[in-house]
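Examination of the molecular architecture
One letter stands for each residue in the lines below.
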Amino acid sequence: MSEHIKKVYSFYSWIYDAFFGKIFEHGRYSAFHMMNVRPDETILEVGVGTGLSLPLYPKDTRVVGIDISQEMLDKAERKKQYYNLSHVNLSTMDASSMSFADNTFDKVIASHVITVVPDPLRTLKEIKRVCKKEGEIFILNYTGCNNKFISRFEKFISPFRDKVGLGKHINLDELLRDTHLSILCEQQVNFLGMCRLIKCKSSPFLA
Ligand SMILES: C[S@@+](CC[C@H](N)C(=O)[O-])C[C@H]1O[C@@H](n2cnc3c(N)ncnc32)[C@H](O)[C@@H]1O
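The structure reproduced in this document is the subject of the present report.

Calculation rules
- Residues numbered from 1 in each chain as written.
- Predicted model: local features only at pLDDT ≥ 70, side-chain atom pairs only at ≥ 80, totals over all residues.
- Heavy atoms only, no water.
- Pairing = 2+ DSSP bridges.
- Helix = DSSP H or I, 4+ residues; strand = E, 2+ residues; numbered from the N terminus.
- Right-handed = clockwise from strand over helix to strand, strands pointing away.
- Patch = residues over 30% accessible without salt bridge, like charges linked within 9 Å, V, L, I, M, F, W, Y side chains within 5 Å.
- Areas by Shrake-Rupley, 256 points an atom, 1.4 Å probe, with all protein chains shown as cover.
- Salt bridge = Lys/Arg side-chain N within 4 Å of Asp/Glu carboxyl O.
- Axes fitted to C-alpha atoms, helices over the stretch in contact; angles between N-to-C directions.
- Contact = heavy atoms within 4.5 Å.
- Buried < 20%, exposed > 50% of the residue type's maximum accessible area, 1.4 Å probe, protein only.
- Near = heavy atom within 4 Å.
- Polar contact = N/O pair within 3.5 Å; in protein donor to acceptor, adjacent residues only side chain to side chain.
- Nonpolar A, V, L, I, M, F, W, Y, C, P; charged D, E, K, R; others polar.
- Core = buried A, V, L, I, M, F, W, Y, C linked by side-chain atoms within 4.5 Å.

Observations concerning the pairing of strand E5 (residues 131–142)
- Bridge count for strand E4 (residues 105–111) against E5 is 6 bridges, and the pairing is parallel. Counted as the bridge partner of Ala 110 is Ile 139 from E5.
- Between the parallel pair E4 and E5, the chain is carried across by helix H5 (residues 120–130), and the sense of this crossover is right-handed.
- The pairing of E5 with strand E7 (residues 195–202) spans 6 bridges and is classified as antiparallel. By the bridge assignment for E7, Phe 138 is matched with Lys 199.

A look at a nonpolar patch on the surface
- Among the surface-exposed residues, Phe 11, Trp 14 and Ile 15 lie close enough to one another that they form a single nonpolar patch of about 380 Å² accessible area.
- As for its placement among the helices and strands, Phe 11 is situated in helix H1 (residues 2–12).

Regarding the sheet that holds strand E2 (residues 62–67)
- Read from one edge of the open sheet, 7 strands run E3-E2-E1-E4-E5-E7-E6, paired in mixed fashion. A strand with exactly one partner marks an edge of an open sheet, and here the two such strands are strand E3 (88–92) and strand E6 (181–189). This sheet shows a mean twist of 20° between the axes of neighbouring strands, independent of strand direction.
- When E6 meets E7, the two strands line up antiparallel, connected through 8 bridges. Residue pairing in the sheet places Ile 183 in a bridge with Cys 200 of E7.
- In the packing of helix H3 (residues 25–35) onto the sheet, the strands contacted are strand E1 (42–46), E4, E5, E6 and E7, and the crossing angle to E6 comes to about 140°.

A closer look at the pattern of salt bridges
- In the structure shown here, the tally under the stated rule is 10 salt bridges.
- Across the pair Glu 136 and Lys 199 runs a salt bridge, and its minimum N-O distance is 3.6 Å. You can see Glu 136 sitting in strand E5 and its partner Lys 199 sitting in strand E7, a full 63 residues away along the chain. One exposure class covers both Glu 136 and Lys 199, and it is buried.
- Three or more residues are tied together by salt bridges with common partners; here these are Asp 102, Glu 126 and Arg 129.

Notes on the environment of Gly 167
- Looking at where Gly 167 falls in the secondary structure, it is placed in the loop between helix H6 (148–163) and helix H7 (172–178).
- For Gly 167, a relative accessible area of 0% gives the class buried.
- Along the backbone, Gly 167 and Pro 120 are 47 residues apart, and their C-alpha atoms lie at a distance of 11 Å.
- Contact partners of Gly 167, with chain neighbours within four places excluded, come to Thr 115, Val 116, Ser 158, Arg 161 and Asp 162.

Topic: the site of the ligand
- Neighbouring the ligand are 18 residues, the closest being Tyr 16, Gly 47, Asp 67, Ala 95 and Ser 111.
- Residue Tyr 16 places a side-chain N or O atom 2.8 Å away from an oxygen atom belonging to the ligand.
- For the ligand, an oxygen atom lies 2.5 Å from a polar atom in the side chain of Asp 67.
- When the free accessible area of the ligand is taken as 600 Å², the share hidden by the protein chains comes to 96%.
- Split by residue class, the shell around the ligand holds 11 nonpolar, 5 polar and 2 charged.

Overview of the nonpolar core
- Among the nonpolar cores identified, the biggest contains 31 residues, and Tyr 9, Met 35, Leu 54, Tyr 57 and Leu 90 are the most heavily contacted of them.
- Within the residue set of this core, elements represented by two or more residues are H1, helix H2 (16–23), H3, helix H4 (70–82), E3, E5 and E7.
- Apart from the residues within four sequence positions on either side, Tyr 57 is in contact with Phe 32, Met 35, Val 37, Ile 43, Glu 45, Val 63, His 87 and Ile 109.
- One finds Val 113, Ile 114, Leu 124 and Ile 137 within the second-largest nonpolar core, a separate group that totals 27 residues.

So, in structure tokens, the structure goes:
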């Protein structure tokens, strides 16, 4: 499955910015504002892709971006060089099995990733593990329209979307419950509010 994702994103890497850059720009800025990044914080971008958000992070932070697709990371690396982002480090890594120690990052963001990874629950557990106990986790995902007909249609085409690497239908609230993550705040972002941006953290008293 990961091999399939790698192949799919190796193709998308060439068109990703042109296609998704503007469409998801509002969500990217909203996520950055919600993150309220502070000096000296360590931030992890899971599935950083072509690094569209990287130029937003101030130079007094430490940013790590990981992705399973080398071709997507190559594009992110170019942005790092172009914008001189010496505070950014990029690595090829599977989000469902990260090599970071427990409690490493102050903030972790997964933008348009949880619906794409083969095992969303395992990935969320990993995100929670590498985030500090008092840290914050941000998840941004396409959730579709509130209209029940469109929503039914979207569920219907979900297997096809999954095949072409554009995400599958997931029950994020259920996944968060299973991971013992509680939502602190959320908002609908992007065109027609089609994406859901949430800030969450480890539920107190639960492992
Ligand atoms: C839709 S793109 C989102 C890119 C970026 N976060 C953004 O918002 O523009 C999904 C990204 O997740 C990456 N990805 C998919 N499965 C992954 C995994 N298991 N581990 C790490 N990255 C993964 C893909 O290679 C791709 O770059």
